[in-house]
There are 2 protein chains.
Amino acid sequence: MSTARDLAATPGLSQIAEVLAAGGDRLSGLLERAEDRLGEVAVGYGAELQGHVSGTLSAGGKRLRPMLVFISAGDESSDDLVTAAVAVELLHMATLVHDDVLDGAQLRRGRPTVFASGGRAAATATGDLLFARAFSVLAAVGRADALGALSDASSALARGELLQREDAWSAAVAVERYLERCRLKTARLFAAACRLGALLGDPGPDSAPVLAAFGERIGLAFQIFDDVLDVSGPSERTGKARGTDLLDGTVTLPLILARERDSGLAALDLRRAVSDEASAAEVCDRIAETGALEEARKHALRFVAAAKQELRAIKDIGERQRSLLELVADGVVERYA
Amino acid sequence: MSTARDLAATPGLSQIAEVLAAGGDRLSGLLERAEDRLGEVAVGYGAELQGHVSGTLSAGGKRLRPMLVFISAGDESSDDLVTAAVAVELLHMATLVHDDVLDGAQLRRGRPTVFASGGRAAATATGDLLFARAFSVLAAVGRADALGALSDASSALARGELLQREDAWSAAVAVERYLERCRLKTARLFAAACRLGALLGDPGPDSAPVLAAFGERIGLAFQIFDDVLDVSGPSERTGKARGTDLLDGTVTLPLILARERDSGLAALDLRRAVSDEASAAEVCDRIAETGALEEARKHALRFVAAAKQELRAIKDIGERQRSLLELVADGVVERYA
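Residues numbered from 1 in each chain as written. Chains lettered and ligands numbered in written order. Predicted model: local features only at pLDDT ≥ 70, side-chain atom pairs only at ≥ 80, totals over all residues. Heavy atoms only, no water.

1. So, the overall build of chain A
Link 1 in the chain: Looking only at helices and strands, chain A has 17 helices and 2 strands in total.
Link 2 in the chain: Taking 337 residues into account, the globule formula puts the C-alpha radius of gyration at 20 Å, and chain A, at 19 Å, falls close to it.
Link 3 in the chain: Counting over 337 residues, chain A shows a buried share of 58%.
Link 4 in the chain: Excluding contacts between residues fewer than 6 apart, the proportion of contacts in chain A whose partners are at least 24 apart in sequence is 73%. (Helix = DSSP H or I, 4+ residues; strand = E, 2+ residues; numbered from the N terminus. Rg over C-alpha atoms; globule rule 2.2 N^0.38 Å. Buried < 20%, exposed > 50% of the residue type's maximum accessible area, 1.4 Å probe, protein only. Contact = heavy atoms within 4.5 Å.)

Okay, structure coming up:
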């Protein structure tokens, strides 16, 4: 269980702990209910699968997406809302499990991945089951608009994964293309979380597009900042070596911006230049030297500002809800800052 | 497009062509509408993905599951019904694409698999997208009971895939365990197809459980018969070498029954004994010599009979609908007979 105390103790997550504190008993209570439901989700699907799912679940994570569902809902605390948060987190977990298969990743959040412990087939099927369970739990709510939001995000995630593979090692990825990838791989699920909260909560369907737009912008900020952290480290705080994106051939904003600033870096063939953690760290240092990290952080902050701007379009949003949403918006770019 | 003429020309599918002929303009028209919708489903998701999806689609297939949706619906011909059929076929295709990744399969229905043409990552993401699109199109219908049927089938498929991997090469798989696997991997989606037809068609929700039970039984018969064909061939008609299940370590009913009859076969370590097509064909011959294939066919026929028995529980089913359903039931075990 992620409690406010756990989160506050997690490096770089003090801002999220602040959100939790500000969210009070309602938010903590909802997150606890979501966590309980997540624990039950794989029961009855076989011991092996249950092991993989509960392993993935207990590895934790910030539960940022469920939090967005809850905060977007205003004061609503229904079971349907908890179900929506669970569905969003399940979909997120499904993509993580499949990403680990594709990356051949052995560890996630310091624990063996399903791929590492169960092999490729078990991990693929576990991911598929998490997908299915996400839709299954949400179907029980009986709201087609809610299911549409989840399935659109799910289509976008798959499309984003494909784009990322298409762009691997490419020297020609421009900022716009990179942002489109972030939108598909990350931001659309953030948007879905906010949309679900609006649909099933106090704001209602009329406010859903605006809250979804807010979610998309903080999702973009979140992903950009994540990509900055991959270059900047420090690895003892991010929990992974610097430059893992470079090793995968994933071209992110820091590299794109650095290539514009350093012609030597622009001419570098990533596939040859980056072969291990040491060479990846070297390229990270070169990227940092160009000032690209500060520039990328500015991009992220612009999306945070745009997200907050969106909120002004909602007339009847409560002061408490607005300030919570703004705290989350600030939170996604203040990790390890 | 699969027309009655194409299907009649496909070896072993004459029975299905008969279903189509008996189904008349309504059934052919609905199948054409489903085919058109399937062709549009990947539009707007990037050229690479669209290529993979349309390749998978144009490779054909019997569209047996869409047919079950339509026949279960009675005289209904709504767009929602077409959407449900499309969703079921998309889910089926998603599992095929992921299965091919896990099996490292190069060909399916004589065409390169997505795995072969695009690689592991593209195929995993393509499968994920097909999953997502299945739920996405069905969500637009706005019926939570329909989405529940699809997502339950999807959970079952993933669970069945896991069971199959768990049981690989095992000498201890009993008939009951095998049937449970068939239920999860195949029959639950057949059941969902019939349930969806009932829910969105003339029979309505009250008849949905009975039609689903019918679908489950013919799904079991279908899978058993498929597993018999893998042993019996002939490969020029099934389109694949005999014993591919044996090469994968997938223990199916013919082998289970043959082991009970031939102690030498029971003692055989599959992993050592089956290493190539020639040795697989040898083991197939040994299985056939025990009479296990006839026994397995009888199992399948018992499920066909049980399926027809289920239909009697529906009071107000039309004679035409009943006879079409019975034709399909007979059809699933008359391939290559």
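2. Digging into the relation of the copies chain A and chain B
Link 1 in the chain: Turning chain A through 180° and shifting it by 0.1 Å along the axis lays it on chain B, with an RMSD of 0.0 Å. Taken together, the rotation and translation relating the two chain copies correspond to the operation of a two-fold axis. Ranked by how close their C-alpha atoms come to the rotation axis, the residues of chain A are headed by A:A144, at 3.3 Å.
Link 2 in the chain: A share of 100% of interface residues in chain A that are also interface residues in chain B marks the association as one of identical surfaces. (Least-squares fit on C-alpha atoms with pLDDT ≥ 70 in both.)

3. Examining helix α5 (residues 79–103) of chain A
Residues and elements named next belong to chain A.
Link 1 in the chain: With 25 residues, α5 extends 36 Å between its outermost C-alpha atoms, agreeing within 8% with the 36 Å of an ideal straight helix rising 1.5 Å per residue.
Link 2 in the chain: Most of α5 sits out of view: 22 of its 25 residues are buried.
Link 3 in the chain: Where α5 ends, the next residue or the one after it, G104, has phi of about 60°, a positive value. (Expected span 1.5 Å × (residues − 1).)

4. Here we look at the pattern of salt bridges
A side chain with one charge may pair with a side chain of the opposite charge, provided their charged atoms come close.
Residues and elements named next belong to chain A.
Link 1 in the chain: A complete count under the given rule lists 40 salt bridges over all chains for this structure.
Link 2 in the chain: With a closest N to O distance of 2.6 Å, R33 and D79 form a salt bridge. Of this pair, R33 sits in helix α2 (residues 14–40) while D79 sits in helix α5, placing them 46 residues apart in sequence.
Link 3 in the chain: A salt bridge links D285 to R242, with the nearest nitrogen and oxygen atoms 3.1 Å apart. With D285 in helix α15 (residues 277–289) and R242 in the loop between α10 (235–238) and α11 (244–248), this pair connects stretches of sequence that are 43 residues apart.
Link 4 in the chain: Through salt bridges with shared partners, one network takes in D99, E161, R165 and K185. (Salt bridge = Lys/Arg side-chain N within 4 Å of Asp/Glu carboxyl O.)

5. A few points about the interface of chain A and chain B
Link 1 in the chain: Between chain A and chain B, the residue contacts involve 35 residues of the former and 35 residues of the latter.
Link 2 in the chain: Carbon and sulfur atoms supply 71% of the area that chain A and chain B bury against each other, a total of about 2900 Å² over both sides.
Link 3 in the chain: The largest share of the area that chain A buries against chain B comes from A:S155, A:R159 and A:L162, three residues that together contribute 18% of it.
Link 4 in the chain: Remark: the boundary between chain A and chain B carries 0 salt bridges.
Link 5 in the chain: On inspection of chain A and its partner chain B, the count reaches 6 residue pairs in polar contact (both at pLDDT 80 or more). (Buried area = accessible area lost by both parts, 1.4 Å probe. Polar contact = N/O pair within 3.5 Å; in protein donor to acceptor, adjacent residues only side chain to side chain.)

6. A look at the packing of aromatic side chains
Link 1 in the chain: Inspection of every chain in the model, using the stated rule, returns 4 aromatic pairs over all chains.
Link 2 in the chain: When the ring of A:F131 is compared with that of B:F131, the centres are 6.5 Å apart and the planes differ by 10°; the resulting orientation is stacked. One end of the pair, A:F131, is in helix α6 (residues 114–139); the other, B:F131, is in helix α6 (residues 114–139), on a second chain.
Link 3 in the chain: For B:F131, a relative accessible area of 3% gives the class buried.
Link 4 in the chain: Measuring from centroid to centroid gives 5.2 Å for A:F190 and A:F222, while their planes differ by 45°, and the two rings are tilted. Here A:F222 lies in helix α9 (residues 208–232) and A:F190 lies in helix α8 (residues 175–200), a separation of 32 residues in the sequence. Take A:F190 and A:F222: they sit in the same class, and that class is buried. (Phe/Tyr/Trp six-rings, centres within 6.5 Å; stacked < 30°, edge-to-face > 60°.)

7. Details of the environment of B:A280
Link 1 in the chain: Along the chain, the position of B:A280 falls in helix α15 (residues 277–289).
Link 2 in the chain: When the C-alpha positions of B:A280 and B:I224 are compared, they lie 19 Å apart, and in sequence the two are 56 residues distant.

8. What to know about the nonpolar core
Link 1 in the chain: Ranked by internal contacts, the top residues of the largest apolar core, which has 215 residues, are A:F70 and B:F70.
Link 2 in the chain: Here this core takes 14 residues from α8(A), the largest share from any one element. (Core = buried A, V, L, I, M, F, W, Y, C linked by side-chain atoms within 4.5 Å.)

9. Notes on unusual backbone geometry
What is expected of a backbone is that most residues other than glycine have negative phi and most peptide bonds are trans.
Link 1 in the chain: Of the consecutive residues A:G233 and A:P234, the connecting peptide bond is found in the cis state with omega at -5°.
Link 2 in the chain: In this structure, A:P234 sits in the loop between α9 and α10.

10. Things to note about the packing of helix α5 (residues 79–103) of chain B against helix α8 (residues 175–200) of chain B
Residues and elements named next belong to chain B.
Link 1 in the chain: Two elements in contact, α5 and α8, have axes whose closest approach is 9 Å; the angle formed by their N-to-C orientations is 170°. By the angle between their axes, α5 is roughly antiparallel relative to α8. On α8, the residues that touch D80, L81, A84, V88, L91, H92 and D99 of α5 are K185, L189, A193, L196, G197 and L200.
Link 2 in the chain: Here the contact of α5 with α8 is composed, by residue class, of 8 nonpolar, 2 polar and 3 charged. (Axes fitted to C-alpha atoms, helices over the stretch in contact; angles between N-to-C directions. Parallel < 35°, antiparallel > 145°, perpendicular 65-115°, else oblique. Nonpolar A, V, L, I, M, F, W, Y, C, P; charged D, E, K, R; others polar.)

11. A word on helix α4 (residues 64–72) of chain B
Residue and element names in this part refer to chain B.
Link 1 in the chain: The element α4 is largely enclosed, with a buried count of 9 among its 9 residues.
Link 2 in the chain: Every buried residue of α4 is accounted for by L64, R65, P66, M67, L68, V69, F70, I71 and S72.
Link 3 in the chain: G74 occupies a position one or two residues after α4 and carries a positive phi of about 75°.

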